[in-house]
Amino acid sequence: MRSVNSWRAGAFQAAALVLIFAASSTQAANGPLDRPVSSEPVQVRFDPMIRQTSVKGAAPSGLCFSFLLPEEWHSTAQGLKAARSDVEIGIGLRSAGELRDMPQPDLASRDAAFLQKDYEELLGRPAQSVSLSSHGKAARWSATWIDANLPSASQSMTVETLIVPLSGEWVLELSLTGVESQAAQDALAERLLTRLQVQGRAACQG
């Protein structure tokens, strides 16, 4: 077992850097923060006339999720990135089967507990602050770690994921990173949660 001083000086800082990137990643199964990726790429289309980007993605349950974002966004291996800033939205899908051992009463809160467990296992310590708010059937989860060795001016790190059950079998995770302020993060999260639509798979064909 590593000493506390060694962990604080090295492992935590390294894990924090991993966490910053992992928070917006969609990865293969069988590891911390793993989440299954969609079998089809997300469709991203920017309309320069109205300065909006439409996003569509197919879920294995035969459904299509979609939302609109202001300004121009590009697709990445992890999800989306704003053309004129460092804001990124990681897009992931997780099956209800992965969450079957969590005791929470609904799919969104089970996924939040799953994320909490994985992040804390990665960092080797519990978060100092955790928030889970309900938005209809969706949820907004965030957790904050504070440590003098973190590579940020505030010596803190917050990760946030919007959790949207698409069906009884799949949940959509939208992870927000690179947002310049809490107010901007709140506005983006609210926009995503209120404007996200879930329709039949045919909606992804258009």
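See the structure above.
Below is a summary of the structure that appears in this document.

Cut-offs used in this document
- Residues numbered from 1 in each chain as written.
- Predicted model: local features only at pLDDT ≥ 70, side-chain atom pairs only at ≥ 80, totals over all residues.
- Heavy atoms only, no water.
- Helix = DSSP H or I, 4+ residues; strand = E, 2+ residues; numbered from the N terminus.
- Buried < 20%, exposed > 50% of the residue type's maximum accessible area, 1.4 Å probe, protein only.
- Areas by Shrake-Rupley, 256 points an atom, 1.4 Å probe, with all protein chains shown as cover.
- 1 Å grid on protein atoms, 1.4 Å probe; cavity = no way out; pocket = protein on both sides within 12 Å on 5 of 7 lines; lining within 4 Å.
- Points joined across faces, edges and corners; volume = space filled by probe spheres on them.
- Nonpolar A, V, L, I, M, F, W, Y, C, P; charged D, E, K, R; others polar.
- Disulfide = S-S within 2.5 Å.
- Phe/Tyr/Trp six-rings, centres within 6.5 Å; stacked < 30°, edge-to-face > 60°.
- Expected span 1.5 Å × (residues − 1).
- Pairing = 2+ DSSP bridges.
- Axes fitted to C-alpha atoms, helices over the stretch in contact; angles between N-to-C directions.

**Examining the overall build of the chain**
Then, number 1: If you tally the helices and strands in the chain, you get three helices and eleven strands.
Then, number 2: Reading the helices (α) and strands (β) of the chain from amino to carboxyl end gives α-β-β-β-β-β-β-α-β-β-β-β-α-β.
Then, number 3: Classification of the 206 residues of the chain by burial places 44% in the buried group.
Then, number 4: Element-wise, carbon and sulfur atoms account for 53% of the exposed surface of the chain, whose accessible area totals about 10300 Å².

**Observations concerning the layout of surface pockets**
Then, number 1: Reported here for the second largest pocket is a volume of approximately 280 Å³.
Then, number 2: Along the wall of the second largest pocket there are 14 residues; nearest its centre are P70, W73, A82, S85 and V87.
Then, number 3: The residue inventory of the lining of the second largest pocket, partitioned by class, reads nine nonpolar, one polar and four charged.

**Examining the state of the cysteines**
Then, number 1: Here the structure, examined in full by the defined rule, presents one disulfide.
Then, number 2: A sulfur-sulfur distance of 2.1 Å marks the disulfide that ties C64 to C204. The sign of the 90 degrees torsion about the S-S bond sets the C64-C204 disulfide as right-handed. With a gap of 140 residues between them, C64 in strand 3 (residues 63-70) and C204 in the segment after strand 11 (197-200) connect regions that are remote in the sequence.

**Digging into the packing of aromatic side chains**
Then, number 1: The tally for this structure, following the rule as stated, stands at two aromatic pairs.
Then, number 2: Summarising the aromatic geometry, the rings of Y119 and W141 are spaced 5.4 Å apart at their centres and angled 20 degrees between planes, so their arrangement reads as stacked. Placement of the pair is Y119 in helix 2 (residues 107-123) and W141 in strand 8 (residues 138-146), with a sequence separation of 22 residues. W141 shares its class with Y119; the two are buried.
Then, number 3: Ring geometry for Y119 versus W145: centroids 6.3 Å apart, planes at 55 degrees, classification tilted. Placement of the pair is Y119 in helix 2 and W145 in strand 8, with a sequence separation of 26 residues.
Then, number 4: Linked through ring pairs, Y119, W141 and W145 together constitute an aromatic cluster.

**Looking at helix 2**
Then, number 1: Look at helix 2: 24 Å from first C-alpha to last across 17 residues, which is about the 24 Å you get at 1.5 Å a residue.
Then, number 2: Within helix 2, twelve of the 17 residues are buried, which leaves the element mostly enclosed by the surrounding structure.
Then, number 3: Taken residue by residue, helix 2 has L107, A108, S109, D111, A112, A113, F114, L115, Q116, D118, Y119 and L123 as its buried positions.
Then, number 4: Just downstream of helix 2 lies G124, where phi reads positive at about 80 degrees.

**Re the pairing of strand 6 (residues 88-95)**
Then, number 1: By the criterion of burial, strand 6 is predominantly enclosed, with seven of the eight residues buried.
Then, number 2: Bridge count between strand 5 (residues 79-82) and strand 6: three bridges; the pairing is antiparallel. Of the residues in strand 6, the one forming a bridge with G79 is G90.
Then, number 3: Connecting the antiparallel pair strand 5 and strand 6 is a turn made up of five residues.

**Let's talk about the sheet that holds strand 3**
Then, number 1: One open sheet accounts for four strands, arranged 1-2-3-11; its pairing is antiparallel. Each having just a single partner strand, strand 1 (43-47) and strand 11 make up the two edges of the open sheet. Going from strand to strand, the sheet's axes swing by 25 degrees on average, the running direction of each strand aside.
Then, number 2: Looking at chain direction, strand 1 and strand 2 (residues 52-59) are connected through five bridges and run antiparallel. Considered in strand 2, the bridge of R45 is made with S54.

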